[in-house]
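Chain by chain, the residues:
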Amino acid sequence: MIAEKNGNLAIVEDTFYGSHLTHAKEKPDVERWTRLKNRLADELARGLTIRRLAVEVGRPGKYCEPVTEDGITRWASDAEWGRELSRYVDDGSSYAAKLDAAIEAFFARLDEERANAPFTRPGMVETSVTTRIIEGIARARRKSCPVVIEAPSGCGKTAAIEEYTARTRKEEGFGCPVWRIELSPTTLKMKPVLALMLLTAQGLDPAENWNVTDPEHVLAWKLKGVTEGRGGIFIIDEAQGLGDDKNDQALHIFNELRSFTDKHLFGLAFMDNGEIFRRFKGGKFTQLASRIEARREVIDSPTEDDVDLIMRASGTADIRVNIGLSAQTRSV
């Protein structure tokens with residue numbers, strides 16, 4: 001009956017009770033939803049967190065509960081999610097429609113803040129370095145193999161990872177199997193690494209869900225179960241710790257992770273500064289080093305063209321020109 005009054009509504013069966021209970025469901029404005037979802041992917045690459053967005057949105061409507069991180073992720077993963085009208089409150093729109101409006105209003109405020117700010121961080125500038133890092137990650141995922149990406153600190157590895165994630169979210173949705181973990185001296189042991197990977201693949205925050213009591217082999221079984229058939233990629237940031245001569249577990253960790261790619265469960269992109277290959281290229285690790293060498297992506301420092309691109313994006317290209325002219329004058 002409601003559908004006859006408004007062409008933007010449809011009558012759908014209840015997921016549990018079936019035809020015995022029906023609901024009115026809004027048809028999403030897919031173009032608007034896609035624009036907002038893609039904008040969210042870009043903002044996450046620039047440093048916004050879903051947690052902050054949830055706080056900023058608060059209650060998307062008068063009769064709504066405060067939005068959660070999971071709610072935003074579900075909204076961004078499926079245009080149809082949350083479109084049912086409430087059976088109890090006649091307030092004219094669905095939860096997802098209210099979320100559309102609230103997120104759109106937040107982005108408008110964000111644009112206004114940036115327009116009035118004396119300086120804003122520019123978006124990702126695609127240099128030769130970031131292009132090769134993105135290509136290396138894509139190759140690791142496509143071939144379900146380990147790829148060691150060697151690049152010096154401060155050359156844009158983080159920006160490249162964020163850009164790859166944003167692009168994949170736009171193409172495949174926010175549930176895309178792109179997982180990133182960061183190694184540190186406190187996590188460079190087998191069990192923490194496996195637990196970190198498992199929780200990340202499950203979409204759980206390790207800081208709030210770390211009560212992992214399973215032994216290592218059980219964690220490996222569970223990791224296989226949540227990643228099998230998804231064609232995903234694990235990006236291992238700060239992976240140079242696996243090349244630490246003083247860490248006797250590093251080689252075992254690397255081989256354990258590599259065993260997952262042998263089963264074609266997911267690809268592995270190790271973000272490194274050259275330490276992994278340096279450690280394995282001599283002695284009894286020669287065979288392992290040869291396999292790594294065939295899949296290395298060795299990236300030097302940014303080129304002059306890269307520097308020009310970055311400075312133009314940040315509005316400081318004229319400073320570079322002035323410095324160059326001053327240097328020429330002094331040399332004359």
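Residues numbered from 1 in each chain as written. Predicted model: local features only at pLDDT ≥ 70, side-chain atom pairs only at ≥ 80, totals over all residues. Heavy atoms only, no water.

Generally speaking, nonpolar side chains in soluble globular proteins are found buried as a group. Core analysis: the biggest nonpolar cluster contains 39 residues, and Met197, Phe234, Leu242, Phe266, Phe270 and Phe280 have the highest contact counts within it. Contributing elements (two or more residues each) for this core: β4 (178–182), α8 (190–201), α9 (216–227), β5 (232–237), α10 (250–262), β6 (266–272), α11 (275–280) and α12 (286–293). Among the elements that take part in this core, α8 stands out by supplying nine residues, more than any other. When sequence neighbours within four positions are dropped, the list of residues in contact with phenylalanine 234 reads Trp179, Ile181, Met197, Ala201, Leu223, Thr227, Phe266, Gly267, Leu268 and Ala269. If you look at the next biggest cluster of nonpolar residues, it comprises 25 residues, including Leu36, Ala76, Phe107 and Leu110. (Core = buried A, V, L, I, M, F, W, Y, C linked by side-chain atoms within 4.5 Å. Buried < 20%, exposed > 50% of the residue type's maximum accessible area, 1.4 Å probe, protein only. Helix = DSSP H or I, 4+ residues; strand = E, 2+ residues; numbered from the N terminus. Contact = heavy atoms within 4.5 Å.)

Okay, the packing of aromatic side chains next. Taken as a whole and judged by the stated rule, the model has six aromatic pairs. Centre to centre, the rings of tryptophan 81 and tyrosine 95 are 5.9 Å apart; their planes meet at 85°, and the pair counts as edge-to-face. Separated by 14 residues along the polypeptide, tryptophan 81 in the loop between α4 (69–77) and α5 (95–116) and tyrosine 95 in helix α5 bring together distant segments of the chain. Note on tryptophan 81: relative accessible area 25%, which makes it partly exposed. We classify tyrosine 95 as partly exposed; its relative accessible area is 24%. Both rings, one in phenylalanine 106 and one in phenylalanine 107, keep their centres 5.8 Å apart while their planes meet at 50°; by these two values the pair is tilted. In this structure, phenylalanine 106 and phenylalanine 107 share a single accessibility class: buried. Ring pairing ties together the aromatic residues Trp179, Phe234, Phe260 and Phe266, which thus form one cluster. In this structure, arginine 39 is placed above the aromatic ring of phenylalanine 107, and the distance from its NZ or CZ to the ring centre is 4.6 Å. In this structure, lysine 263 is placed above the aromatic ring of phenylalanine 260, and the distance from its NZ or CZ to the ring centre is 6.0 Å. (Phe/Tyr/Trp six-rings, centres within 6.5 Å; stacked < 30°, edge-to-face > 60°. Lys NZ or Arg CZ within 6 Å of the ring centre and 35° of its normal.)

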